[in-house]
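Examining the three-dimensional arrangement
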Amino acid sequence: MQNSHEQVALRSVIRRFIAEEVDPNAQEWERRGAFPAHEVFRRMAELGLTGVSKPVEYGGLGLDFSWEVLVAEELGHCSIGALPMAFGVQTCMGTPALARFGSDELRREFLAPVIAGDYVAAVAVSEPQAGSDVAGLKCKAVRDGGEYVVTGTKMWITNALQADFFCVLANTSDEPSHRNKSMFIVPAKQRGIAVSKPLDKLGMRSSETSEIVFDGVRVPASFMVGEEGEGFRNQMVQFQDERLYVAATTLRAMERCIDTTADYCRERMIFGSSVLGNQAVQFRLAELQVDVEALRSLVYRATDAYVAGEDVTLLATMAKLKAGRLARVVTDSCLQYWGGMGFMWDNPVSRYYRDLRLLSIGGGSDETMLQVIAKMKGFGSRR
Ligand SMILES: Cc1cc2nc3c(=O)[nH]c(=O)nc-3n(C[C@H](O)[C@H](O)[C@H](O)COP(=O)(O)OP(=O)(O)OC[C@H]3O[C@@H](n4cnc5c(N)ncnc54)[C@H](O)[C@@H]3O)c2cc1C
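In this numbering scheme, every chain counts its residues from 1 along its sequence in written order. Side-chain atom pairs in this predicted model are given and counted only at pLDDT of 80 or more, local residue features only at pLDDT of at least 70, and totals for whole chains, interfaces and linings cover all residues. To get the side-chain values, take all heavy atoms of the structure and skip hydrogens and water.

1. A few points about the overall build of the protein
Only DSSP runs of H or I with at least four residues qualify as helices, and only runs of E with at least two residues qualify as strands; both kinds are numbered from the N terminus onward. In terms of helices and strands, the protein carries 11 helices and 10 strands. By the compact-globule yardstick of 21 Å for 383 residues, the protein fits well, its C-alpha radius of gyration being 21 Å. Once the C-alpha set of the protein is aligned to its principal axes, its extents read approximately 80 × 55 × 40 Å. A simple rule labels every residue: compare its accessible area, found with a 1.4 Å probe on the protein chains alone, to the largest value its type can have, and call it buried under 20%, exposed over 50%, or partly exposed in between. Expressed as a percentage of its 383 residues, the buried residues of the protein come to 53%. In the protein, the share of contacts with a sequence separation of at least 24, taken over all contacts with a separation of at least 6, comes to 75%. The protein chains shown are the only cover counted for residues, whose accessible areas, like all others here, come from Shrake-Rupley with a 1.4 Å probe. Split by element, the accessible area of the protein, about 17,100 Å² in all, is 53% carbon and sulfur. Using C-alpha atoms as the atom set, the radius of gyration is obtained and then compared with a globule rule of 2.2 Å times the number of residues to the power 0.38. Contacts were defined at the residue level, with two residues in contact if any of their heavy atoms lie within 4.5 Å.

Set out below in structure tokens:
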């Protein structure tokens, strides 16, 4: 991935936005358990962040996916993981399939307002009994004349309470589980939708997560994204964007964690010298920085291949796995050097420790990533 003059400029725009408009409010949003998504996303739209790789016909900038990765990487500067995650739902988790496979009418009605910052999007795939096992989900959409009737329960849905629409995966036939699913845009104002109050989470506190019950919710047949029966495949394509985005957001977050820890350890005196005066501490932080840089190379390599038109399911899955694992190591190692201060709720590293823990679970657990990698490498098959 190159860093052109424009890309360097965009990086500094995002850093200024975070320093002036996100971090000063972050503590209050975390305490409240929510941030004002419409207000913040509208501002991000003004900065040109909401549609960097989306088609120009709908207000996007029509750039390649490396720009989404750049945005994700810079958003990792936020002192909270919640905003980069919720914003990622808006750009790289809940709308990529709509942008690629949606009809012109659907894109005008739902994608354009997302890019303009007027609509908040959510993606509703997971269910109480089907998180890792996406193929086994139970939500169904039954055709009735010119409409589909959606019934089922979705679980762990980010942005649900503030969303204007949900990108829903539902069963539309009795075909085998990879061919019986279709994707729909379901407007949040439709009758029959109940969204729970926010779930009480370990981290990502200011990103609201809810359960949604769809009870006979009617949507026009034209709100289907892509072809009937293609929903599972389209969601797998959408996951490529999600995994690259998620992996990219961890890079700066981990570096900020390492740098903040180095700063603290430089000042903290023990036995007459600073904690950072110990070579063991310096070496550990150096090792962690090397690992972050190696992950960055993997993310950039996957992104380059993606931009070149390759299927990067394998590389994106590897990057997501590695990001989740490394985030656990980095945050845990750094927290240790803060002593009791690291155990305090509002400590910046303890927040990263809680927020980034999600990476090994959300968007598919580490084990799900390993399952995909093992399958693609043919490790389960006989010679
Ligand atoms: C804060 C948060 C936000 C989320 N946001 C969204 C969202 O916006 N939209 C959405 O659709 N979903 C969302 N999710 C759901 C998320 O994608 C799922 O939690 C995830 O896919 C895991 O599913 P599960 O929780 O049902 O765990 P389960 O499927 O019950 O799995 C439990 C554990 O079993 C283990 N496991 C799984 N498969 C294997 C295997 N093959 N071999 C060995 N062990 C295995 C793993 O350790 C896994 O963590 C969110 C989740 C959280 C916590």
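2. Remarks on the site of the ligand
Near the ligand there are 18 residues, and of these V123, S126, S132, W156 and T158 occur at the shortest range. The separation between a nitrogen atom of the ligand and a polar side-chain atom of T158 is 2.8 Å. At the level of secondary structure, the elements contributing two or more residues to the shell around the ligand comprise β3 (147–158) and α11 (366–376). No other element matches the three residues that β3 contributes to the shell around the ligand. An automatic or database domain assignment provides the domain bounds reported here. When residues of the shell around the ligand are assigned to domains, at least three map to each of domain 2 (122–227) and domain 3 (233–377). Proximity criterion: a residue is near a molecule or strand once any of its heavy atoms comes within 4 Å of it. Here a polar contact is taken to be a pair of N or O atoms separated by no more than 3.5 Å, where protein atoms must pair a possible hydrogen donor with a possible acceptor and residues adjacent in sequence count only if both atoms sit in side chains.

3. Overview of helix α8 (residues 279–307)
If you check α8, its first and last C-alpha atoms are 42 Å apart, about what 29 residues at 1.5 Å a residue would give, namely 42 Å. For α8, every residue scored as buried is listed here: V281, L285, L288, V292, L295, R296, V299, Y300, A302, T303, A305 and Y306. If you follow the buried residues of α8, they end up packed against α1 (5–32), α3 (66–75), α5 (96–101), α7 (231–267) and α9 (313–336). Working rule for helices: expected span equals 1.5 Å times residues minus one.

4. So, the packing of α7 against helix α10 (residues 348–355)
In this analysis an axis means a line fitted to C-alpha atoms, helices contributing only their contacting stretch, and an angle means the value between N-to-C directions, from 0 to 180 degrees. The contact between α7 and α10 brings their axes to 10 Å, and the two run at 150°. Taken together, the axes of α7 and α10 lie roughly antiparallel to each other. Crossing of α7 over α10 shows left-handed handedness. On α10, the residues touching A253, R256, C257, T260 and T261 of α7 are P348, V349 and Y352. Class assignment for the residues of the contact of α7 with α10 results in five nonpolar, two polar and one charged. Throughout, the term roughly parallel applies to angles under 35 degrees, roughly antiparallel to angles over 145, roughly perpendicular to angles from 65 to 115, and oblique to all others. For a crossing to be left-handed, the near helix must be turned anticlockwise from the far one by less than a right angle; the clockwise case is right-handed. Here the nonpolar group is Ala, Val, Leu, Ile, Met, Phe, Trp, Tyr, Cys and Pro; Asp, Glu, Lys and Arg are the charged ones; every other residue, Gly included, is treated as polar.

5. A word on the domain arrangement of the protein
Here the protein is partitioned into domain 1 (5–120), domain 2 (122–227) and domain 3 (233–377). Inter-centroid distance (C-alpha atoms) of domain 1 to domain 3 is 21 Å. Every contact between the two is made by 35 residues of domain 1 and, on the other side, 25 residues of domain 3. When the buried area of domain 1 at its contact with domain 3 is split by residue, F65, E73 and M93 rank highest and sum to 25% of it. When a carboxyl oxygen of Asp or Glu lies within 4 Å of a side-chain nitrogen of Lys or Arg, that pair is called a salt bridge. Taken together, the connections running from domain 1 to domain 3 amount to six salt bridges. Ionic pairing is found between R296 and E73, a salt bridge with its closest N-O pair at 2.9 Å. For the pair domain 1 and domain 3, the number of links is 18 residue pairs in polar contact (both at pLDDT 80 or more). For the side of domain 1 that touches domain 3, the secondary structure elements donating two or more residues are α1, α3, α4 (82–93) and α5. Examining the composition of the side of domain 1 that touches domain 3, we find that eight residues originate from one element, α4, more than from any other. Of the residues belonging to the side of domain 1 that touches domain 3, the class tally is 16 nonpolar, 10 polar and nine charged. By convention, the term buried area covers the 1.4 Å-probe accessible surface removed from two parts as they join, with the contributions of both added.

6. A short note on the packing of aromatic side chains
For any pair of aromatic rings, the description rests on two quantities: the centre-to-centre distance and the angle between the ring planes. Each pair of aromatic rings taken from Phe, Tyr and Trp, with Trp reduced to its six-membered ring, is defined by centres within 6.5 Å and is described as stacked if the planes are under 30 degrees apart, edge-to-face if over 60, and tilted in the remaining cases. Summed over all chains, the structure comprises 11 aromatic pairs. Where W29 meets F35, the ring centres are 5.7 Å apart and the plane angle is 45°; that geometry is what we call tilted. Accessibility expressed as a relative area gives 3% for F35, which makes it buried. Throughout this description, the term charge over a ring refers to an Arg CZ or Lys NZ atom that lies within 6 Å of the ring centre and within 35 degrees of the ring normal. We note R354 situated over the ring of W345; from NZ or CZ to the ring centre the distance is 3.6 Å.

7. Considering the side chain of E73
Tracing the sequence through the fold places E73 in helix α3. On the basis of relative accessible area, E73 is assigned to the buried category, the value being 0%. A polar contact is formed between the side chain of E73 and the side chain of Y300, at a distance of 2.7 Å. Contact partners of E73, with chain neighbours within four places excluded, come to R11, A248, L251, R252, R296 and Y300.

8. As for the nonpolar core
Only buried residues count toward a nonpolar core, which is a set of Ala, Val, Leu, Ile, Met, Phe, Trp, Tyr and Cys residues joined through side-chain atoms within 4.5 Å. Core analysis: the biggest nonpolar cluster contains 115 residues, and F41, F166, F214 and V330 have the highest contact counts within it. If one sorts the elements of this core by residue count, α7 sits on top with 14 residues.

9. Some details on the pairing of strand β4 (residues 165–171)
Counting buried positions along β4 yields seven of seven residues, so the element is predominantly enclosed. Neither face of β4 is exposed, since F165, C167, L169 and N171 on one face and F166, V168 and A170 on the opposite face are all buried. Two strands pair when backbone bridges link them, and β4 and strand β5 (residues 181–187) are joined in this way by seven bridges, in the antiparallel orientation. Counterpart to A170 in the pairing with β5 is S182. Two strands qualify as a pair provided that DSSP identifies no fewer than 2 bridges between them.

10. A look at the environment of S177
With respect to the helices, strands and loops of the structure, S177 is situated in the loop between β4 and β5. Taking the C-alpha atoms as reference points, S177 and R266, 89 residues apart in sequence, are found 56 Å from one another.

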